[in-house]
Amino acid sequence: MPLLEPGSPTDLIATTTAAFTERFGRPPRLVGWAPGRVNLIGEHTDYNRGLVLPVALPHATWVAVAPRADRQLRLSSAQQDALWTGTLDDLEPAAITGWAAYAAGVLWALREEGLEIPGLDLHVHSTVPLGAGLSSSAALECAVGVALVGLLGRSLEDTHDGVPLRDVLVRAGIRAETEVAGAPTGGMDQTVAVHARAGSALLIDFDDGARRHLDLDLEGRVLLVTDTRVSHELTDGGYAARRADCEAAASALGLDSLRRASLEDVEGLTDERVRRRARHIVTEIARVQRTVDALAQRAWSEVARCFLDSHTSMRDDFEISTDELDTAVSVAVEAGALAARMTGGGFGGSTVAIVPEERLSAVVRAIDAAFTQRSYAAPSHLVVQPGAGASVEAVDALGG
Ligand code: ADP
Ligand code: MG
């Protein structure tokens, strides 16, 4: 059964280091990395001050970096043809375009936070599929952020102006994504990329910023992620339009966010589309809490119900699903998955399923067959052991 493998960290550091050396004619100082993520439940709730429950992928983005004596910046990626070059004076949102928005954008945002940014060369390599709803964007932002912290000789456990550096990195990633790349996402991706712990899901409450690591024991089941290969572009407008509808709903109710709204409140909204959008948010936040409780109690049928209700809500009320996502979800469940739903921002991307180990290959085969039969692009599949958050590796220590 062909799966998209995360690769071994040692091999990936060697690959990234070798590519850096080839491109820039000298070895990097260090390699920073940050994981992609799959959200178990809680979609579009982060920017509504709600709850989310993501898991870091073992798949990650690796960033090799070395400082320069001058003010030049050179950024390259194994996943993109375009090399981005500029100087420290070009670190302004309007001057940074293309994929570099997610990398140079972080350098800009970290300078705004008061960190000293040197001239540097930087090379990116990733095993997170791009545009698959698995947050390659935040993986890139946070990998650049931790690499820079390493370059500055700081520890991720340090604080900066009294704020934990990890939280500074989260904020810088969010600013790069929203203000430089122009994707108005809500902060879940960067938070889990920086704060995740291996073996755990991360419950994040965007009302007060509280984080809770939840031991994820699926009792003989695995997390199967299926990338439908329908690539979304979060900068395309659908995401921003959903966010605008949510803001319109909160404002019509006289609330600062939909977190304060009850189901009764939103059912009273007069605009039919805005009502459905808000209903998704209010019911989705409740489903995250129900899922957390059900996982703790090993109440598997309740987990299954939450996943399916969530998918239906995204398909019908929030209207962010696609035929490919709907197919992958329904076929997975027919073939023996306990639960399945689309995951991520929508308009394409991936599904996440909880599958009994002995049904894994049957589920993968059934999805592949259904996609072939419908003439969809061949999907790719990832089996996810919850991974850890971002960190830095010294190239020397690894013999690079
Ligand atoms: P997702 O985060 O779900 O993968 P996004 O649309 O948010 O999708 O982000 C994808 C974009 O992030 C890519 O189009 C590219 O601009 C940038 N990106 C992500 N990973 C890399 C990488 N390894 N190298 C260069 N750019 C990347
Ligand atoms: Mg993204």
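Residues numbered from 1 in each chain as written. Chains lettered and ligands numbered in written order. Predicted model: local features only at pLDDT ≥ 70, side-chain atom pairs only at ≥ 80, totals over all residues. Heavy atoms only, no water.

Some points on the site of ligand 1
As a reminder, the rule being used: Residues are labelled near a given molecule or strand when at least one of their non-hydrogen atoms is within 4 Å of it. Identification of polar contacts relies on pairs of N or O atoms within 3.5 Å, with a donor-acceptor requirement for protein atoms, meaning one able to donate a hydrogen and the other able to accept it, and with residues adjacent in sequence counted only if both atoms are side-chain atoms. Residue exposure ignores everything except the shown protein chains as possible cover, and the areas themselves are Shrake-Rupley values with a 1.4 Å probe. We count a stretch as a helix when DSSP gives it H or I for four or more residues in a row; a strand needs E for two or more, and each element gets its number in order from the N terminus. Any residue outside Ala, Val, Leu, Ile, Met, Phe, Trp, Tyr, Cys, Pro, Asp, Glu, Lys and Arg is labelled polar, Gly included; the first ten of those are nonpolar and the last four are charged.
Neighbouring residues of ligand 1: 19 residues in total, closest S77, G131, S136, S137 and H232. In this structure, a nitrogen atom belonging to ligand 1 sits 3.1 Å away from a side-chain N or O atom of Q79. Within the complex, 93% of the 560 Å² of free accessible area of ligand 1 lies under protein. Listing elements by their share of the shell around ligand 1, those giving two or more residues are β6 (120-126) and α3 (136-151). A total of 3 residues in the shell around ligand 1 trace back to one element, the largest contributor, which is α3. Tallied by class, residues from the shell around ligand 1 come to 9 nonpolar, 10 polar and no charged.

Here we look at the domain arrangement of the protein
Note the following rule: Domain boundaries shown here were taken from an automatic or database domain assignment. Residues are treated as being in contact if the distance between any of their heavy atoms lies within 4.5 Å. Accessible area that two parts lose when put together, with a 1.4 Å probe and added across both, is what the buried area reports. For salt bridges, the criterion is a side-chain nitrogen of Lys or Arg within 4 Å of an Asp or Glu carboxyl oxygen.
Each assigned domain of the protein is listed here: domain 1 (9-215 + 387-398) and domain 2 (221-384). The interface is formed by 41 residues belonging to domain 1 together with 43 residues belonging to domain 2. Taken over both partners, the interface formed by domain 1 and domain 2 buries close to 3200 Å², and the fraction arising from carbon and sulfur atoms is 66%. A salt bridge links D207 to R260, with the shortest nitrogen-to-oxygen separation between them at 2.7 Å. Contributions of two or more residues to the side of domain 1 that touches domain 2 are made by β1 (30-39), β2 (51-52), β3 (54-67), β9 (200-205) and β10 (211-215).

Comments concerning the sheet that holds strand β14 (residues 380-384)
Definition in use: Only strands joined by at least two bridges in the DSSP assignment are considered to pair. Fitting a line to C-alpha atoms yields each axis, with helices limited to the stretch in contact; the angle taken between N-to-C directions then spans 0 to 180 degrees.
Strands sit in the order β12-β13-β11-β14 across an open sheet of 4 strands; the sheet is antiparallel. Only two strands of the sheet have a single neighbouring strand rather than two, namely β12 (339-343) and β14. Each strand of the sheet is rotated relative to its neighbour by a mean of 25°, with strand direction disregarded. Pairing of strand β11 (residues 221-227) with β14 involves 5 bridges; the strand directions are antiparallel. In the sheet register, L224 faces β14, and the bridge partner there is V383.

Notes on the packing of helix α2 (residues 104-112) against helix α4 (residues 165-180)
Filter applied, for reference: For classification, angles of less than 35 degrees are called roughly parallel, those exceeding 145 degrees roughly antiparallel, those between 65 and 115 degrees roughly perpendicular, and all remaining angles oblique. Less than a right angle of anticlockwise turn of the near helix away from the far helix marks a crossing as left-handed, whereas a clockwise turn marks it as right-handed.
Between α2 and α4, whose axes approach to 8 Å, the crossing angle comes to 125°. Compared by their axis directions, α2 and α4 come out oblique. In this structure, the crossing between α2 and α4 has a hand that is right-handed. Seen from α2, the contacting residues are G105, V106, W108, A109, L110 and E112; seen from α4, they are V168, L169, A172, G173, R175, A176, E179 and V180. Tallied by class, residues from the contact of α2 with α4 come to 9 nonpolar, 2 polar and 3 charged.

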